[in-house]
Amino acid sequence: MKKTLKYRIYPTKAQTTRLDAQLEECRWLYNETVAMRKNAWEQDKRPLSYYDTKKCIPSLKKQRPSLRLVHSQVLQNVTEWVELAYQGFFRRLKAGETPGHPRFKSHGRYDSMTFTQAPSGCSIGPDGKLVVAKVGHIKMVLHRPLPQACTLKTATLTRSSTGKWYVCIVVETEPNRLAKLDNSVGIDVGLKTFATLSDGQEIENPRFFRKEEKALAKVQRRLSREVKGTKERRKRR
């Protein structure tokens, strides 16, 4: 059984600079791969396969040495994303639609990279930090422990629109089966009571809004007195 676990990571300024540079190299390779496949289709009406573009990576590294800043797994995964985009393009073309070619990625619009053979290239160190190839040990919050005796499969580093960094780790583990129980209960959710169980037990409705209605009206009046667009109004809100 495979499970995906998402954790927040806190790279230092130097590590953030390296990660941003790696994403920019991935974006360049994505655009270059799209350009190669687009030219092959428009000029020769022949599709380039995923393996054709994958074999071009070594020569592209000679053309652009900065690609060596990125782990080879990540670069191969970039061409795989282009392959998925073109599979959708040819599928719509075969269906008689008029699809557009996969689009180029503009600056800052490439925000994730995947290590497809973790723990090679990306792993969790004994100190609980995320060890990323060509970046270093990154602080990570393991708010949820990894399943016991699990095997890392893939790891994806993602940069959010607000600049925060996350890692999604896919692990393979045995399912944890719960013990069978002889007793069972039915639940009916209502308005008068929060819930009524099949054995007759009733759970009262907490009515959070009714309890806090007067306090909410009070703070709403205080908010309305603040000048719009000011720091004080944002703080009050």
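**Considerations on the packing of helix α1 (residues 13-44) against helix α4 (residues 72-94)**
Packing of α1 against α4 leaves a shortest axis separation of 9 Å and a crossing angle of 40°. By the criterion of interaxial angle, the relationship of α1 to α4 is oblique. Remark: the crossing between α1 and α4 carries right-handed chirality. For the pair α1 and α4, the contacting residues are C26, L29, Y30, T33, V34, R37, K38 and W41 in the first and V74, L75, V78, T79, W81, V82, E83, A85, Y86, F89, F90 and L93 in the second. Its residues assigned to classes, the contact of α1 with α4 shows 15 nonpolar, two polar and three charged.

**Quick notes on the packing of aromatic side chains**
In total, this model carries five aromatic pairs according to the counting rule given. What links up through ring pairs into an aromatic cluster is the set Y86, F89 and F90. Across the ring face of Y166, the terminal group of K6 is positioned such that the distance to the ring centre comes to 4.7 Å. Here K105 stacks its cationic end above the ring of Y30, 5.4 Å away from the centre of that ring.

**Digging into the environment of K180**
The topology assignment puts K180 in the loop between β7 (165-172) and β8 (187-189). Given the relative accessible area of 82%, K180 is considered exposed. Through-space distance from the C-alpha of K180 to that of Y51 is 49 Å; in sequence the pair is 129 residues apart.

**Considerations on the pattern of salt bridges**
Scanning the model with the defined rule gives seven salt bridges in all. D20 is the partner of R159 in a salt bridge, and the nearest nitrogen-oxygen pair spans 2.9 Å. Separated by 139 residues along the polypeptide, R159 in strand β6 (residues 151-159) and D20 in helix α1 bring together distant segments of the chain. Since its relative accessible area comes to 30%, D20 is described here as partly exposed. Note that R236 is salt-bridged to E226, the shortest N-O span being 3.7 Å. Of the two residues, R236 sits in helix α6 (residues 231-236) while E226 sits in the loop between α5 (208-225) and α6, which places them 10 residues apart along the sequence. By relative accessible area, E226 is classed as partly exposed at 22%.

**Regarding the nonpolar core**
Formed by 38 residues in total, the largest nonpolar core has its most connected members in I9, L130, V132, L157 and V167. Counting residues per element, this core draws most heavily on α1, which supplies eight residues. Residue contacts for L157: discarding those within four places in its chain leaves I9, L19, D111, S112, M113, F115, C122, L130, V132, W165, Y166 and V167.

Rules behind the numbers
- Residues numbered from 1 in each chain as written.
- Predicted model: local features only at pLDDT ≥ 70, side-chain atom pairs only at ≥ 80, totals over all residues.
- Heavy atoms only, no water.
- Axes fitted to C-alpha atoms, helices over the stretch in contact; angles between N-to-C directions.
- Helix = DSSP H or I, 4+ residues; strand = E, 2+ residues; numbered from the N terminus.
- Parallel < 35°, antiparallel > 145°, perpendicular 65-115°, else oblique.
- Left-handed = near helix turned anticlockwise from the far one by under 90°.
- Contact = heavy atoms within 4.5 Å.
- Nonpolar A, V, L, I, M, F, W, Y, C, P; charged D, E, K, R; others polar.
- Phe/Tyr/Trp six-rings, centres within 6.5 Å; stacked < 30°, edge-to-face > 60°.
- Lys NZ or Arg CZ within 6 Å of the ring centre and 35° of its normal.
- Buried < 20%, exposed > 50% of the residue type's maximum accessible area, 1.4 Å probe, protein only.
- Salt bridge = Lys/Arg side-chain N within 4 Å of Asp/Glu carboxyl O.
- Core = buried A, V, L, I, M, F, W, Y, C linked by side-chain atoms within 4.5 Å.

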